[in-house]
Amino acid sequence: MFAIKRELKVNNKERSLMRGIAGFKRFVYNYGLDLIAASWDWEDVRGSDAKRIDTIKKVFTQVTMKKPEYAWMNKYPSTVYQSAFIALKKSFDSWRKGLTDFPKKKCKKKGDSFTVYKTSGIYPEKGKPALPFTNRVVIDAGKIIKLPGLKTFRLKEKIDFTCSSQTFTVDRIADKWFVSLAVDAQKIPPIYHPVQKVGVDLGVKCLATVSDGTCYAMPATTKRAKTKLSKLLLHNRNKKHGHKKLGIGASNNAKRYYIELAREYARISNIRRDTIQKMTTDLSRRVYCIRIEDLNVSGMMANHKLASAVTDNCFYEVRRQLIYKQAHYGTKVEIVDRWYPSSKMCSNCRHIQPMKLSERVFRCQKCNHVQDRDENASVNLENAPDNVVRSARPELTPVDKKWPTTLVEAGRKR
Ligand SMILES: [Zn+2]
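Residues numbered from 1 in each chain as written. Predicted model: local features only at pLDDT ≥ 70, side-chain atom pairs only at ≥ 80, totals over all residues.

Caption draft 1: Here's a closer look at the sheet that holds strand β11 (residues 215-216). One open sheet accounts for 6 strands, arranged β11-β10-β9-β12-β13-β16; its pairing is mixed. In this open sheet, the two edge strands, each paired with only one partner strand, are β11 and β16 (389-391). Packed onto the sheet, helix α5 (residues 252-286) meets β9 (195-202), β10 (208-210), β11 and β12 (287-293) and runs at close to 130° relative to β12. Packing against the sheet, helix α9 (residues 373-382) makes contact with β9, β10, β12 and β13 (332-336), and its axis sits at approximately 130° to β9. (Pairing = 2+ DSSP bridges. Helix = DSSP H or I, 4+ residues; strand = E, 2+ residues; numbered from the N terminus. Contact = placed C-beta atoms within 7 Å. Axes fitted to C-alpha atoms, helices over the stretch in contact; angles between N-to-C directions.)

Structure below.
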């Protein structure tokens with residue numbers, strides 16, 4: 001199973017429809033959260049969070065939706081509010097497990113998204129499972145997509161093959177709308193990899209240094225884009241997006257600025273994502289066995305000088321992608337123990353000597369071997385003895401549902 005994500009080509013009418021649906025979803029989610037908070041100590045609604053949310057859903061469909069002032073809700077597909085309640089259940093679930101904070105209200109500024117799905121399949125008999133594939137929407141190859149409960153939409157980039165999916169998530173980044181769907185198919189892994197084994201050193205200066213001599217760097221465009229962003233922030237440091245309490249709306253200039261700001265942030269994130277995806281794919285195509293270091297990312301985050309580089313180069317994300325691409329490209333990812341002295345060891349004579357973080361070149365005091373710091377580390381990772389190496393296991397979902405935040409990348413938050 002893997003995910004397909006495409007940008008939608010929307011006109012103004014479709015754009016406001018999308019905004020409307022996302023607003024509906026947000027309303028339902030916040031409505032559920034409000035009612036849970038209000039009824040937290042009530043005796044007669046005790047039970048698990050899921051049961052409580054089911055009760056609230058009943059109140060929502062049987063009382064609230066029937067009120068005339070909420071008639072606008074009926075023009076949107078019912079799966080939107082269904083999935084909002086599912087999302088609410090999930091956030092309570094992960095809060096109970098201690099993975100996240102207590103669910104917060106969704107707000108308009110934090111982006112728009114909603115989920116629609118095909119409701120049910122064809123059941124041969126009562127109580128028996130649905131016939132295979134009848135609960136799925138078939139998507140033909142091409143640039144048109146039909147979302148369940150909604151009309152057809154145009155895509156900016158075509159879908160290469162006919163496929164099927166049940167759930168469709170639409171979300172907005174800056175002023176662009178995207179649809180993502182999980183496709184139940186397998187990529188056929190290649191049988192032949194030209195390179196047998198490499199070590200990969202994830203670095204601060206260079207994104208990744210590979211022991212066969214290649215080096216992947218973040219493109220210079222990220223730096224330029226960041227400079228542009230800081231200039232933009234500086235020049236508009238006094239701009240306010242209106243004042244809600246005083247009833248002052250945002251000026252046209254401010255509106256324009258905030259859209260441009262969102263675009264700039266999205267652009268930097270796009271460049272980074274693109275580079276990292278291309279790098280991990282290229283590596284997985286070329287090499288059979290990839291050895292990476294088990295990084296203590298949260299320790300590195302505590303070092304302020306390293307922190308920015310760590311989040312910029314997305315160590316955690318690189319590792320996650322290499323691991324889940326094992327299945328797609330038939331590779332083997334191995335993790336070398338955190339305490340293995342990959343950067344302090346001479347790759348020529350295995351002599352261990354202290355290395356400051358600022359030293360960029362490794363000069364062996366025993367055999368006078370001279371090598372670039374990262375290259376030396378990558379060769380050491382490749383030649384690591386088997387007792388410090390373990391094979392990596394993929395995380396639960398291979399689907400890129402959400403681009404992780406900096407905290408997620410740093411491994412501080414899941
Ligand atoms: Zn040496």
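Anyway, onward from the coordinates.
Caption draft 2: The sheet that holds strand β5 (residues 152-159), seen in detail. Pairing in this open sheet of 6 strands is antiparallel, and the strands run β2-β7-β8-β1-β5-β4 from one edge to the other. This sheet does not close on itself; its edge strands, each paired only once, are β2 (113-117) and β4 (142-146). Looking at each pair of strands side by side, their axes are set apart by 35° on average, direction ignored. Note: β4 against β5, 4 bridges, orientation antiparallel. When the sheet's bridge partners are listed, isoleucine 144 is paired in β5 with arginine 154.

Caption draft 3: Fine view of the nonpolar core. Val80, Ala84 and Leu88 are the most contacted members of the largest nonpolar core, which totals 27 residues. Those residues in contact with leucine 88, other than ones at most four positions away along the chain, are Tyr29, Gly32, Leu33, Ile53 and Pro103. Judged by nonpolar contacts, the second largest core, of 25 residues, contains Val200, Met279, Tyr324 and Ala377. (Core = buried A, V, L, I, M, F, W, Y, C linked by C-beta atoms within 7 Å. Buried ≥ 20, exposed ≤ 12 C-beta atoms within 10 Å, placed from the backbone.)

Caption draft 4: Looking closely at the pairing of strand β8 (residues 176-183). Here strand β1 (residues 2-9) runs beside β8; their pairing, made up of 6 bridges, is antiparallel. Among the inter-strand pairings, phenylalanine 2 is bridged to a residue of β8, identified as valine 183. As consecutive antiparallel partners, strand β7 (residues 167-173) and β8 are separated by 2 residues, and within that stretch alanine 174 has a phi angle of approximately 50°, a positive value.

Caption draft 5: Quick look at the environment of arginine 224. Among the structural elements, arginine 224 can be located in helix α4 (residues 220-235). Classification of arginine 224 by C-beta neighbours within 10 Å gives exposed; the count is 12. The spatial distance from the C-alpha of arginine 224 to the C-alpha of isoleucine 268 is 9.5 Å, given a sequence separation of 44 residues.

Caption draft 6: Quick look at unusual backbone geometry. At alanine 174, a residue that is not glycine, the phi angle is positive and equals roughly 50°. Among the secondary structure elements, alanine 174 is positioned in the loop between β7 and β8. Overall, the presence of 16 C-beta atoms within 10 Å leaves alanine 174 in the partly exposed class.

Caption draft 7: Structural view of the pairing of β13. Bridging between β12 and β13 involves 5 bridges; their strand directions are parallel. Looking at β13, one finds that isoleucine 292 is bridged to isoleucine 335. Looking at chain direction, β13 and β16 are connected through 3 bridges and run antiparallel. Residue pairing across strands places glutamate 334 opposite serine 391, the latter belonging to β16.

This is a description of form; function is not addressed.
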